[in-house]
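# Secondary and tertiary structure notes
Below are the chains, spelled out letter by letter.
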Protein chains: 2
Amino acid sequence: MTTDDAAAGPSRRRLLVGLGVAAGVAVGAGADRAAVALGRDPAASGTGDVVPFEGAHQAGVTTPVQAHLHLAALDVVTDRREEVADLLDRWTAAARALVAGRAVGEHGAVDGDPLAPPEDTGEAVGLPPARLTLTVGVGPSLFDDRFGLAARRPAALAELPPFAGDALDPARCGGDLVVQACADDPQVAVHAVRTLVRLAAGTAAVRWAQLGFGRASSTDPSVPTPRNLFGFKDGTANPDGRDAAAMAEHVWVGEDDDPAGAWLAGGSYLVARRVEMHVETWDRSPLAEQEQVVGRSKGEGAPLGLAREHDVLDATAVAGLPATSHVALAHPSRHGGAQMLRRGYSYVDGADGLGHLQAGLVFLAYQRDPRRAFVPVQEALSRDDAMNEYVRHTGSGVWAVLPGVGPGGRWGSTLLG
Amino acid sequence: MTTDDAAAGPSRRRLLVGLGVAAGVAVGAGADRAAVALGRDPAASGTGDVVPFEGAHQAGVTTPVQAHLHLAALDVVTDRREEVADLLDRWTAAARALVAGRAVGEHGAVDGDPLAPPEDTGEAVGLPPARLTLTVGVGPSLFDDRFGLAARRPAALAELPPFAGDALDPARCGGDLVVQACADDPQVAVHAVRTLVRLAAGTAAVRWAQLGFGRASSTDPSVPTPRNLFGFKDGTANPDGRDAAAMAEHVWVGEDDDPAGAWLAGGSYLVARRVEMHVETWDRSPLAEQEQVVGRSKGEGAPLGLAREHDVLDATAVAGLPATSHVALAHPSRHGGAQMLRRGYSYVDGADGLGHLQAGLVFLAYQRDPRRAFVPVQEALSRDDAMNEYVRHTGSGVWAVLPGVGPGGRWGSTLLG
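All figures in this text were calculated on a predicted structure; none of them were measured in a lab.

### Quick look at the pairing of strand S5 (residues 268–277) of chain A
Residue and element names in this part refer to chain A. Counting buried positions over the 10 residues of S5 gives 10, a clear majority of the element. Of the two faces of S5, the one holding Ser-268, Leu-270, Ala-272, Arg-274 and Glu-276 and the one holding Tyr-269, Val-271, Arg-273, Val-275 and Met-277 are both buried throughout. As judged from the 10 bridges shared by S5 and strand S9 (residues 391–401), these two strands associate in the antiparallel manner. Among the inter-strand pairings, Ser-268 is bridged to a residue of S9, identified as Val-401. Sheet analysis places S5 next to strand S8 (residues 357–367), joined by nine bridges and oriented antiparallel. Residue Glu-276 lies in a different strand from S8, and its bridge partner there is Gly-360.

### Thoughts on the side chain of Ser-396 of chain A
Tracing the sequence through the fold places Ser-396 of chain A in strand S9. What Ser-396 of chain A contacts, discounting residues up to four positions off in sequence, is Leu-160, Leu-168, Arg-172, Cys-173, Gly-174, Trp-208, Ala-272 and Arg-273 of chain A.

### Things to note about the UniProt feature "domain: Dyp-type peroxidase C-terminal" (unreviewed entry) in chain A
UniProt records the feature "domain: Dyp-type peroxidase C-terminal" (unreviewed entry) for residues 225–405 of chain A in the present numbering. For residues 225–405 of chain A, the end-to-end C-alpha separation is 31 Å, with 23% helix and 23% strand making up the annotated structure.

### Considering the confidence of the model for chain A
Keep in mind that low pLDDT regions are not for reading the predicted coordinates in detail. Residue and element names in this part refer to chain A. Per-residue confidence for chain A gives a mean pLDDT of 88, with 88% of residues at or over 70. Scored below 50 in pLDDT, residues 1–47 makes 101 contacts in the model with residues more than four places away or belonging to other chains. Both scores are given for the predicted complex: the pTM is 0.90, the ipTM 0.89.

### Examining the interface of chain B and chain A
Listed per partner, the contact involves 62 residues of chain B and 64 residues of chain A. Between chain B and chain A, a total of about 4,600 Å² is buried, with carbon and sulfur atoms accounting for 63% of that surface. At the junction of chain B with chain A, the criterion picks out two salt bridges. Taking the shortest distance from any N to any O, the salt bridge between Asp-283 of chain A and Arg-194 of chain B comes out at 2.7 Å. Looking at the side of chain B that touches chain A, the elements that each hand over two or more residues are helix H1 (31–34), strand S1 (68–76), helix H3 (186–199), strand S4 (204–213), helix H5 (279–283), helix H6 (287–294) and strand S7 (345–351) of chain B. Broken down by element, the side of chain B that touches chain A gets its largest block of residues, seven residues, from S4 of chain B. The class makeup of the residues in the side of chain B that touches chain A is 30 nonpolar, 17 polar and 15 charged.

How each quantity is defined
- Residues numbered from 1 in each chain as written.
- Chains lettered and ligands numbered in written order.
- Predicted model: local features only at pLDDT ≥ 70, side-chain atom pairs only at ≥ 80, totals over all residues.
- Heavy atoms only, no water.
- Buried < 20%, exposed > 50% of the residue type's maximum accessible area, 1.4 Å probe, protein only.
- Helix = DSSP H or I, 4+ residues; strand = E, 2+ residues; numbered from the N terminus.
- Pairing = 2+ DSSP bridges.
- Contact = heavy atoms within 4.5 Å.
- UniProt positions renumbered as here; feature names shortened; annotations may be inferred.
- pLDDT = per-residue confidence, 0-100.
- Buried area = accessible area lost by both parts, 1.4 Å probe.
- Salt bridge = Lys/Arg side-chain N within 4 Å of Asp/Glu carboxyl O.
- Nonpolar A, V, L, I, M, F, W, Y, C, P; charged D, E, K, R; others polar.

Okay, here's the thing in structure tokens:
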């Protein structure tokens, strides 16, 4: 594997893109193609918009939330474990290039052998890195009897239990693998997912995918809290992604969490839920009812009974909230102090055929153990949340988010060798 | 109607939002709500991102293409013509506020009577105007026997003929009304469409809707031409939206174009097509084949046989292109000089259930007369375009885009009184 792609600058390392492109093909096949810019240039748009790829943890978890999401769940279509390992190798190499704002392939963007497919699909040529992060995880289904991994499945990596009111569409659930692409430019996120999907041909295929926009929570308390499609600030009580101690306690898997899951140390668990929001019904309900449902004021976002958004919401203050409010039911004091790092997005997927817009939330939450975080919280919410009248969970997935990689490292090496 | 909403600054004019909100409700219902910011503040983000609402033509046609699209087609659900006129009144008033970055309703954003629904849905509070434009049109179906408008239908406002290879889904076609929202922030565009849909309750309902991103053409030659999801520059040959003479010739309906359609002078025709792009198949085809299909080089975007993207592509140069190339078949020299102003977007709508991403182009083209522009061009393309192997038209619509409004004006007044 290449060890320095992220720092390679304008030179183009040949990546093992597995597209059948022969080494050493002629560069440039005509005057017009010779003029092709050599991929995307991070320097042109400042270095501030490149998120470092390497680290003990993957980027895209505590990274301040970018403006756009493209989430893709894939199923492995081979029964050969080494092909899965090879895929993760190719993905790691491609991701190093993509997050640095470079095209995949030796020839920059769309240059190369005219008789071969272009190495890069080209739609991101000229676009900045846009703080792209690519975050990869493996689902519980990868640990069935296909790949001999059953003994290495951590107990926390289990299919989520059914919850009251679930309306899950199997075509929007699960997946052996997940890729979360976040970027400040949607075309950069789409290009990245498309590229990884293309590199997966023959090994894995898309099971479901979802675009999101508009940040439905913040991982950085220093920026204003965004609003979800119910018009409320969302993510006010999120832990601070910059707080390493909080992340170690609530988000990152520890070395001793589970003997079967030692390979996941430094990783995390991602729970994704596609939550339809019935905005037309919501929009017809009185302001006071909306606030009672949420447990916060709509304008300021303060917990009901307090004055300001960030006033401390301790167990005493929670006791003053409506018992069926979303904020009260989800509060860490009700769940042994459990916290998740949410980084959700809004979505709008056309119309529902009944005269309404189809809109909602791509709920994404990172946590150290879903059994102590998402599962008990969602059990409480699905039972009692006054918001249930306005939402419906239609998609779902849980994945173990692989540990980060250092120089020369590759995703999944601790699991697949 | 209000006459000065666009210039009203921080004061809040009561808009005829038709939401059953009584006039004169108490402002502020608690300390936390009293702190609500008074809507969105254009000044906070500079005035450059407010696109003027008033003019001889609607904004959103020649306006330099914003980053995001939310297109919604609606069907009228009343048979009372005056209710349609009232709806367009409400839409005009709301649009004046929305494009200026203000919330709808007297009380700013989400403040007001706790026993009534908030006047504004709130998710755009704190967001800048983001160059929002709202562009409204009426479809041929509005001129059936429901509203007594049959005699006023211009001959050019006819359902599009079937084209070879059409794979149209009726649930993505037509609509009595269309709203095109474009903005540099997707949440601003979504909020605007949601607001207009909400104001239409009881009068019109969403038939279909589509989000788009990434600009698949430019109306301003001074900025780099964007790339579509085939990785090619798209819109190179678009007319210059700043060229008033070209717009008068090709885009705006003239006073004498059609006696039945005198009400449309200063308006235009919008043709929308949802074009699925089979990107996986495309990505497997050789570079030379892709370039032969398009008729341009992939990197530079030059017409094949020429050196640079903007080298003049006259009839002689066209004769040197592959006869079945997209550029050759669509060239104005083949269609009596007809031109359209394209302002399309890319889309990605999840996965197709067969392991692929569902991606494509929201083709949007403005023109003076579809019978002399889109229809003959698409007839040629649908018959002979080499690109047909890679695309499929799944949605379609044509609308007369209403003339612009001046101070105190309202959409549709020339048609509905």
